[in-house]
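Observations on chain architecture
The primary structure of each chain is shown beneath.
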Amino acid sequence: MIYNIRGTLTHTDGQFLVVECGGIGFKCFTSLNTSKTAGKIGDEINLFTYLSVREDAMDLFGFSTQAELDFFKLLITVSGVGPKAAVAVLSELSPDKLAVAIAAGDVKAITRASGVGKKTAERIVLELKDKITGISSSEVSFAAVSAGSIADESAAAEAVAALVALGFSQSDSAVAVGQMDQSLSADEMIRLGLRQLSRNL
């Protein structure tokens, strides 16, 4: 309904921004990542928006990039994940880091988001693993992501980082590792990843 809002930033409190456009102040709930980069009061900003309509409320959500909005819309398709939980995830992980966490099956990284438990994080990985490939790589730069920054040296993150160091792309490495049994050791993941990715050359 409302694709984007461009106007003057008049208020910010971390959880939402107010953008004045045409004499009307639009309250947009947003992630901490967008809030941090929104600028200062009086600046002109542009937010890509999503209007959430429920029986008891109509809430507008706004994000600084199309990629963040795309991931927000993907997250709320997951069973048990509402707009607030989606915002919490995007406040903890930028779109590129979230994409790699999902591809690598890194549940631990997602549970760092406020209010997101292990079961919810597992559903996010399970339901979105096949969907994130539909997001343009120009919007989500896998190559710019360090797998080690996503997880606290989890086996999956270590394996992805090793495969990237061996010359494979971040996205291909993350997808390959994400398809493996996450109980495997990093060494086993690396060996299996090398075998799989070498076949694709």
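These numbers were taken from a predicted model, which means no experiment stands behind them.

1. Regarding the sheet that holds strand 2 (residues 16–21)
One closed barrel accounts for five strands, arranged 1-2-3-5-4; its pairing is mixed. Shown here is a sheet whose adjacent strand axes are inclined to one another by a mean of 55°, direction ignored.

2. Details of the pattern of salt bridges
Using the criterion set out here, one finds five salt bridges in the structure. Two residues, R6 and E44, come together in a salt bridge whose shortest N-O distance is 3.8 Å. In this pair, R6 is assigned in strand 1 (residues 4–12) and E44 in strand 4 (residues 44–53), connecting sequence segments 38 residues apart. The residue K40 makes a salt bridge to D43 at a minimum N-O spacing of 3.5 Å. For K40, a relative accessible area of 59% translates into the label exposed. Connected through salt bridges with shared partners, the residues R54, D56 and D59 form a single ionic network.

3. With respect to the packing of helix 2 (residues 66–75) against helix 3 (residues 83–92)
Two quantities define a packed helix pair, namely the angle between the helix axes and the distance between the axes. Contact geometry of helix 2 with helix 3 gives a least axis separation of 9 Å together with a crossing angle of 135°. The angle between the axes of helix 2 and helix 3 places the two elements in the oblique class. For the element pair helix 2 and helix 3, the recorded crossing hand is right-handed. Here E68, F71, F72 and L75 of helix 2 lie close against helix 3, whose contacting residues are P83, A86, V87, V89 and L90. Along the lines of polarity and charge, the residues of the contact of helix 2 with helix 3 split into eight nonpolar, no polar and one charged.

4. A few points about the packing of helix 7 (residues 155–165) against helix 8 (residues 170–178)
Contact geometry for helix 7 and helix 8: axes closest at 9 Å, N-to-C directions at 140°. With respect to helix 8, the axis of helix 7 lies oblique. As for the relative orientation of helix 7 and helix 8, their crossing is right-handed in sense. Across the interface between the two elements, A156, A159, V160, L163 and V164 from helix 7 touch Q170, S173, A174 and V177 from helix 8. Classifying every residue of the contact of helix 7 with helix 8 by side-chain character gives seven nonpolar, two polar and no charged.

Reading the values: rules and limits
All residue numbers refer to position in the chain's written sequence, counted from 1. Under the rules for a predicted model, residues below a pLDDT of 70 receive no local features and side-chain atom pairs below 80 are neither given nor counted, while totals for whole chains, interfaces and linings still include all residues. Heavy atoms throughout the structure, all of them, feed into the side-chain values; hydrogens and water do not. In this analysis, strands are considered paired if DSSP registers two or more bridges between them. Helix and strand assignments follow DSSP, with helices taken as H or I runs no shorter than four residues and strands as E runs no shorter than two, numbered in order from the N terminus. Note on definitions: angles span 0 to 180 degrees between N-to-C directions of axes, and those axes are lines fitted to C-alpha atoms, for helices only across the stretch in contact. Salt bridges are counted wherever a side-chain nitrogen of Lys or Arg sits within 4 Å of a carboxyl oxygen of Asp or Glu. Only protein chains enter the area calculation, which uses a 1.4 Å probe; residues under 20% of their type maximum are buried, those over 50% are exposed, and those in between are partly exposed. Each angle gets one of four labels, with under 35 degrees taken as roughly parallel, over 145 as roughly antiparallel, 65 to 115 as roughly perpendicular, and the rest as oblique. Crossings are assigned a handedness: left-handed for a near helix turned anticlockwise from the far helix by less than a right angle, right-handed for a clockwise turn. Residues count as neighbours in contact if any of their non-hydrogen atoms are within 4.5 Å of one another. Lys, Arg, Asp and Glu make up the charged group, whereas Ala, Val, Leu, Ile, Met, Phe, Trp, Tyr, Cys and Pro make up the nonpolar group; the residues left over, Gly among them, are polar.

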